[in-house]
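Each chain is listed here by its residues.
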Amino acid sequence: MNDTRVRLRYLTRTVGLLFPSEGEPRPYSLLPHRTFPRRLAPRAWWHPGRKVLVPSGDDTIETYLSQALGTPIRVVLHVRPPRRANRKPILEAHARDGLAAFVKIGDTPRVRDLVTHEARTLAMLADIPLKTVVAPTVLHHGTWRGLSVLALSPLPVRRNARATPVPGRLLVEAVTEIGHLPVPHRRGFAWHGDFAPWNIARAADGRLLVWDWERFGTGVPFGFDAVHHLFHRLLRRNGPATTARACLAQALPALAPFGLSAAEAKLTVIRYLIALADRHAADGHAPLGPPERWLNPTVDFQELLS
């Protein structure tokens, strides 16, 4: 099944879950995807997708969020690209005075687990004084019609901030702060888990805004977040196998700011690549293709050099 048909089927299912009753067509859906039919989502300069009306009524996600957030809410539905293990509906919850929250909907067992994990992680971070990193605040976490609902505070992102490269010094400070978080019973170092370019942005006050804490974890080598950022930055221009080799080649300059030697840096990159492949295997999802094509050649070559 091609990507557009998958996306149409997913949109139909999502709308049925979130807006099950007939009524006035008030909420909207934003469909930011280049393969979605333009007759349904014509391109516009302010957004890749145009607003599309979907039905609503009583007992919808809007009424639930209105009660949870204590104010009348109108929602905009974002449908993420289909080829992601953690794909989920994302809502913008708008109050009378503007954007009130971003809302993640856990509509599968795997996504529900990730949403719950992010809620716990953000609750923990709320009790830790952070100097460099700014994370969203949990406004509500609950269940509606069998779906997990997580409402997060909007971060004060500046226009075009996500498209602007983050200074290297700020990246090092953020990765260091996350790595040394005082997590109870922590072994090894902590990491955000998805410290990709699209999940971070420089704030007006010079700190780093960081979204999507679903993959936060501990017990990893120091610098995993830096390697993840490098890997996904390189992946934008190269295939997975080339990216893995390039990431290993750039191990020392990427990890030297964290005090790692050349040997330590290479070992950290290799352990990261293996951890990434393990994550995809656990998700039952292979966005980079089979590991024997992109991971094994890099790791096997390093073993030959050892």
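Keep in mind the model is a prediction, meaning the values are calculated, not measured.

### Focus on the overall build of the chain
If you tally the helices and strands in the chain, you get 10 helices and 12 strands. Looking at the chain as a whole, 49% of its 306 residues are labelled buried. At a minimum sequence separation of 6, the contacts of the chain that also span at least 24 residues come to 65%. Accessible area for the chain stands at about 15400 Å²; split by element, carbon and sulfur atoms hold 53% of it.

### Digging into the pairing of strand β4 (residues 89-95)
Across the 7 residues that make up β4, a large majority, 6, are buried. As judged from the 6 bridges shared by β4 and strand β5 (residues 98-106), these two strands associate in the antiparallel manner. Its bridge partner lying in β5, Ala95 is registered against Gly98. What sits between the antiparallel neighbours β4 and β5 is a turn of 2 residues.

### Thoughts on the nonpolar core
In this structure, Phe195, Trp213 and Trp294 are the most contacted members of the largest nonpolar core, which totals 52 residues. At 7 residues, helix α8 (residues 262-283) tops the list of elements feeding residues into this core. Beyond its immediate chain neighbours, meaning those up to four positions away, Phe195 contacts Leu171, Ala174, Val175, Ile178, Ile200, Leu208, Val210, Asp225, His228 and His229. With 16 residues, the next largest nonpolar core counts Ile73, Ala95, Leu147 and Ala151 among its residues.

### Quick word on the sheet that holds strand β11 (residues 208-210)
As summarised here, the arrangement of the 3 strands in space is β6-β11-β10, forming an open sheet in which the pairing is mixed. Edge positions in the open sheet fall to β6 (133-134) and β10 (200-202), since each of these has one partner strand only. Where β10 lies against β11, 3 bridges are found, and the strand directions are antiparallel. The residue of β11 that forms the bridge with Ala201 is Leu209.

### Observations regarding helix α5 (residues 224-235)
Helical periodicity: at 3.6 residues per turn, an α-helix aligns residues three or four positions apart in one direction. Look at α5: 16 Å from first C-alpha to last across 12 residues, which is about the 16 Å you get at 1.5 Å a residue. α5 sits mainly inside the fold: 10 of its 12 residues count as buried. Of the residues making up α5, those classed as buried are Phe224, Asp225, Ala226, Val227, His228, His229, Leu230, Phe231, His232 and Leu234.

The rules behind the values
Residues numbered from 1 in each chain as written. Predicted model: local features only at pLDDT ≥ 70, side-chain atom pairs only at ≥ 80, totals over all residues. Heavy atoms only, no water. Helix = DSSP H or I, 4+ residues; strand = E, 2+ residues; numbered from the N terminus. Buried < 20%, exposed > 50% of the residue type's maximum accessible area, 1.4 Å probe, protein only. Contact = heavy atoms within 4.5 Å. Areas by Shrake-Rupley, 256 points an atom, 1.4 Å probe, with all protein chains shown as cover. Pairing = 2+ DSSP bridges. Core = buried A, V, L, I, M, F, W, Y, C linked by side-chain atoms within 4.5 Å. Expected span 1.5 Å × (residues − 1).

Remember that the coordinates give geometry; whether it matters functionally is a separate question.
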